[in-house]
Amino acid sequence: MTLLCVPIFFDSLEQTARDVALAAEAGADVVELRLDRLTQGVALPQYPVPVIVTCRPEWEGGESTLPDGERIALVEAASANARYADLELATLRRHPDARTFLAERLIVSAHDFKGRPDRLANLVVEMNAGGGDVNKVAWMARSIRDNLEAFELLQTRQKPTIALCMGEAGLISRVLAKKFGAFLTFASLRDESATAPGQVTVHDLKRLYRWDVIGARTKVYGVVASPVVHSMSPAVHNAAFDQTGHDGVYLPLLVNPGYESFKAFMESFVPFEGLDLSGLSVTLPHKENALKYLREKGADVEELAASIGAVNTITIDRSDRRLPLRGLNTDYGAILDSITDTMRISRDALGDLRVAVIGAGGTGRSAVAALAHYGATVVVYNRTREKADALAAEFNGRTGRVVAASMDKLCDSCCHVFINTTSVGMHPHVNESPLGERAPKFTPDTVVFDAVYNPMKTKLLRQAEAAGAKTIGGVEMFVRQAAAQFEAWTGTKAPSDVMRRVVEQRLLHSAR
Ligand code: NAP
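The rules behind the values
Residues numbered from 1 in each chain as written. Predicted model: local features only at pLDDT ≥ 70, side-chain atom pairs only at ≥ 80, totals over all residues. Heavy atoms only, no water. Domains from an automatic or database assignment. Contact = heavy atoms within 4.5 Å. Buried area = accessible area lost by both parts, 1.4 Å probe. Salt bridge = Lys/Arg side-chain N within 4 Å of Asp/Glu carboxyl O. Polar contact = N/O pair within 3.5 Å; in protein donor to acceptor, adjacent residues only side chain to side chain. Nonpolar A, V, L, I, M, F, W, Y, C, P; charged D, E, K, R; others polar. Axes fitted to C-alpha atoms, helices over the stretch in contact; angles between N-to-C directions. Helix = DSSP H or I, 4+ residues; strand = E, 2+ residues; numbered from the N terminus. Parallel < 35°, antiparallel > 145°, perpendicular 65-115°, else oblique. Left-handed = near helix turned anticlockwise from the far one by under 90°. Core = buried A, V, L, I, M, F, W, Y, C linked by side-chain atoms within 4.5 Å. Buried < 20%, exposed > 50% of the residue type's maximum accessible area, 1.4 Å probe, protein only. Pairing = 2+ DSSP bridges. Near = heavy atom within 4 Å. Areas by Shrake-Rupley, 256 points an atom, 1.4 Å probe, with all protein chains shown as cover. Phe/Tyr/Trp six-rings, centres within 6.5 Å; stacked < 30°, edge-to-face > 60°. 1 Å grid on protein atoms, 1.4 Å probe; cavity = no way out; pocket = protein on both sides within 12 Å on 5 of 7 lines; lining within 4 Å. Points joined across faces, edges and corners; volume = space filled by probe spheres on them.

Enquirer: Describe the domain arrangement of the protein chain, and please don't skip the residues or the numbers.
Expert: Examined at the domain level, the protein chain breaks down into domain 1 (3-216), domain 2 (234-328) and domain 3 (332-472). Distance between the C-alpha centres of domain 2 and domain 3: 29 Å. Contact with domain 2, which involves five residues of that partner, is made by nine residues of domain 3. Looking only at domain 2, the three residues that lose the most surface to domain 3 are Leu 304, Ser 307 and Ile 308, adding up to 83% of its buried area. Linking domain 2 to domain 3 there are zero salt bridges. Run the count over domain 2 and domain 3 and you get three residue pairs in polar contact (both at pLDDT 80 or more). Across the side of domain 2 that touches domain 3, the residue classes tally to two nonpolar, one polar and two charged.

See below:
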């Protein structure tokens, strides 16, 4: 069993007792007491959970400025009531006798806050040959691929091992430690009490990343993006896995911008034995890279995803040894179905509609391509007119009619449906609307759709509501594209209501 360890800086006996109690209540199996701030030995009481003691020196990322001898004495004094004590490999090289008071209780550790240790394999060989009971290596991830080396260390371990990557790109090593049978992982009590960069809170590890149900066979999914830290997708998909009992975990996958980084990620992660990577969401800045990569591999790409020029979903068939990949775009389906469900019409009836698409960026392009594909007449309005002209010229006449028009003419438009695909009105500019202060003559039959989801009710939607029009918010699109991804990966119906509730709760929380 992989232990969940909460690190706690020891400042006083009272504060430590409080924090240990909170950690135990939050679900910690063990706590690591960091004695770095002490200058004199302390006798620890019995705590409600087992304890690891350590006194990390400044030269290894800690706070202690004491010389080796005094630090070792401090650890020794505190270790009487501790289950384990952690000493650095570098300390033990200078003081091999220090291990004698720690028979069968010694964690030997090596940390590198700058990047991967140069001689990582040699370090582990040295640890294996030494007298420690648990090996620990932690280093700052230079890229997401460093995590794979941490997983390899766990797969080939000769002793109980902790192998973790620090930083945002290393988050997955902390969550998947359990899948790969690590001795423990660390999670902080609170955001501000993290003792290493990239450490998640116990609450997030257990609730958001499904720690309690992760096992060796758990399938791994994730969102490939840069930046990725604010993505709502992990919360939405993990809630869907919880609801349906699917044995999966969905993670933020920080892949640096650029085609080469995307390709290197795919080439190393997809075939990695034991990782069970089973599906990917792809977002900024990698949607075009995903399409290019899948084409290069000769993989199957959905027709409309190819004509939009962007893939936001990759499925990986792990039942086939060749690991075939497939590229989809669930954004356009989410746009179309939001409209057809609101109007209670079929996709084929879109051919009778005139649709104003405001914006000519990535989302605008998905909307134009999909609507034109189903025969709608589309008018593209965009701040930069040349982009609207180019988009219209690309899709006009394929099936539907696509023209560009000046933004000034938007309020004179007599379209049935208006879709805002610009970022105008997005938080914090909540009092802006792509229409300005003057709205077109909306009627109760007009449908106004805003792709912006933060805030949930944009100024554009408020204008539309005031005119009695039907409205669709960006949350609808977000939930539908995520639900379609879930269904593509699992082959089962997505719990859309649960997913919608998670998105709404997150947005309400962020608005507070
Ligand atoms: P994008 O590719 O960068 O395109 C941005 C578009 O907005 C361009 O047409 C740009 O016009 C226009 N624009 C930006 N600032 C403007 C301003 N101040 N005034 C007028 N036009 C402006 O972005 P994207 O990825 O398509 O995303 C667009 C919006 O859709 C974002 O708010 C995003 O959050 C939302 N979105 C929602 C979902 C969902 O699931 N609900 C999914 C994807 C995106 P120029 O060409 O003149 O620069």
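What follows picks up the thread again.
Enquirer: Describe in detail the packing of helix α13 (residues 362-373) against helix α14 (residues 385-395), supporting the description with residues and values.
Expert: Where α13 meets α14, the closest approach of the two axes is 10 Å, and the angle between their N-to-C directions is 30°. If you check the angle between α13 and α14, you find them roughly parallel. Crossing angle aside, the handedness with which α13 passes α14 is right-handed. Between α13 and α14, the residues in contact are Gly 364, Arg 365, Val 368, Ala 369 and Ala 372 and Leu 391, Glu 394 and Phe 395, respectively. Its residues assigned to classes, the contact of α13 with α14 shows five nonpolar, one polar and two charged.

Enquirer: Just give me the short version of the nonpolar core, but keep the residues and values in it.
Expert: Membership of the largest hydrophobic core comes to 120 residues, with the highest contact counts inside it found for Leu 33, Val 53, Leu 275 and Ile 314. Top contributing element to this core by residue count: helix α16 (residues 474-490), with seven residues. The residues that make up this core include at least three from each of domain 1 (3-216) and domain 2 (234-328). Of all hydrophobic cores here, the second largest spans 35 residues; its members include Leu 350, Val 357, Val 368 and Val 378.

Enquirer: Tell me about the sheet that holds strand β15 (residues 354-358), and name the residues and values.
Expert: Read from one edge to the other, the open sheet built from six strands follows the order β17-β16-β15-β18-β19-β20, with strand pairing classed as parallel. In this open sheet, the two edge strands, each paired with only one partner strand, are β17 (401-405) and β20 (470-472). Sheet twist, expressed as the mean angle between neighbouring strand axes with direction ignored, is 20°. Bridge count between strand β16 (residues 377-381) and β17: five bridges; the pairing is parallel. For Val 379, the partnering residue across the bridge sits in β17 and is Val 403. Along the sheet face, α13 touches β15, β16, β17 and β18 (417-420) and points at about 165° away from the line of β15. Against the sheet, helix α15 (residues 459-466) touches β18, β19 (447-450) and β20, its axis set at about 165° to β19.

Enquirer: Talk me through the site of the ligand; I want residue IDs and the actual numbers.
Expert: Contacts to the ligand come from 20 residues, most closely from Gly 362, Thr 363, Asn 382, Arg 383 and Thr 384. Within the backbone of Gly 362, an N or O atom sits 2.8 Å from an oxygen atom of the ligand. When the free accessible area of the ligand is taken as 920 Å², the share hidden by the protein chains comes to 73%. When contributions to the shell around the ligand are tallied by element, the ones reaching two or more residues are α13 and α16. Taken together, the residues that form the shell around the ligand break down as eight nonpolar, ten polar and two charged.

Enquirer: Describe the packing of aromatic side chains, with residues and values.
Expert: Applying the stated criterion across every chain yields a total of twelve aromatic pairs. Judged by centre distance (6.4 Å) and plane angle (70°), the ring pair of Phe 180 and Phe 272 falls under edge-to-face. Remark: Phe 272 occurs in the loop between α9 (259-269) and β11 (277-282) and Phe 180 occurs in the loop between α6 (171-175) and β8 (184-186); sequence separation between them is 92 residues. The buried category is assigned to Phe 180, whose relative accessible area is 8%. Both rings, one in Phe 262 and one in Tyr 293, keep their centres 6.0 Å apart while their planes meet at 75°; by these two values the pair is edge-to-face. Here Phe 262, found in helix α9, pairs with Tyr 293, found in helix α10 (residues 287-296); they are 31 residues apart in sequence, far enough to count as distant.

Enquirer: Explain unusual backbone geometry to me, using residue names and the numbers behind them.
Expert: With an omega of 10°, the peptide bond running from His 427 to Pro 428 counts as cis. In this chain, Asn 454 is followed by Pro 455 through a cis amide linkage whose omega measures 15°. Considering the arrangement of structural elements, one finds Pro 455 in the loop between β19 and α15. In the Ramachandran plot, Arg 210 falls in the positive-phi region, its phi being about 60° despite a non-glycine side chain. By the element assignment, Arg 210 lies in the loop between α7 (202-208) and β9 (219-225). Backbone geometry at Asp 276 places phi at a positive 60°, although glycine is not the residue there. By the secondary structure assignment, Asp 276 is in the loop between α9 and β11.

Enquirer: Go over the side chain of Thr 422, please, and point to the residues and values.
Expert: Note that Thr 422 resides in the loop between β18 and β19. Note on Thr 422: relative accessible area 18%, which makes it buried.

Enquirer: Account for the environment of Gly 167, naming residues and giving values.
Expert: Within the element layout of this structure, Gly 167 appears in the loop between β7 (161-166) and α6. Note on Gly 167: relative accessible area 11%, which makes it buried. When the C-alpha atoms of Gly 167 and Ala 349 are compared, they prove to be 50 Å apart, with 182 residues separating the residues in sequence. Each residue touching Gly 167, except ones within four places of it in the same chain, is listed here: Met 140, Pro 197 and Gly 198.

Enquirer: Break down the layout of surface pockets for me, with residues and values.
Expert: Size it by volume and the second largest pocket reaches roughly 300 Å³. Around the second largest pocket, the lining is made up of 19 residues, and of these Gly 333, Ala 334, Asp 337, Arg 480 and Ala 484 lie nearest the centre. Of all the elements in the fold, those that place two or more residues in the lining of the second largest pocket are α12 (330-343), α16 and α17 (496-511). Considering each element in turn, the lining of the second largest pocket owes the most residues, seven residues, to α16. Considering only residue class, the lining of the second largest pocket consists of six nonpolar, five polar and eight charged.

Enquirer: An account of empty space enclosed by the protein is needed here, citing residue identities and associated values.
Expert: In this structure the tally under the stated criterion is one cavity of 30 Å³ or more. Contributing elements (two or more residues each) for the lining of the largest cavity: β2 (30-34), β6 (134-140) and β7. For the lining of the largest cavity, the class distribution of residues is six nonpolar, five polar and six charged.

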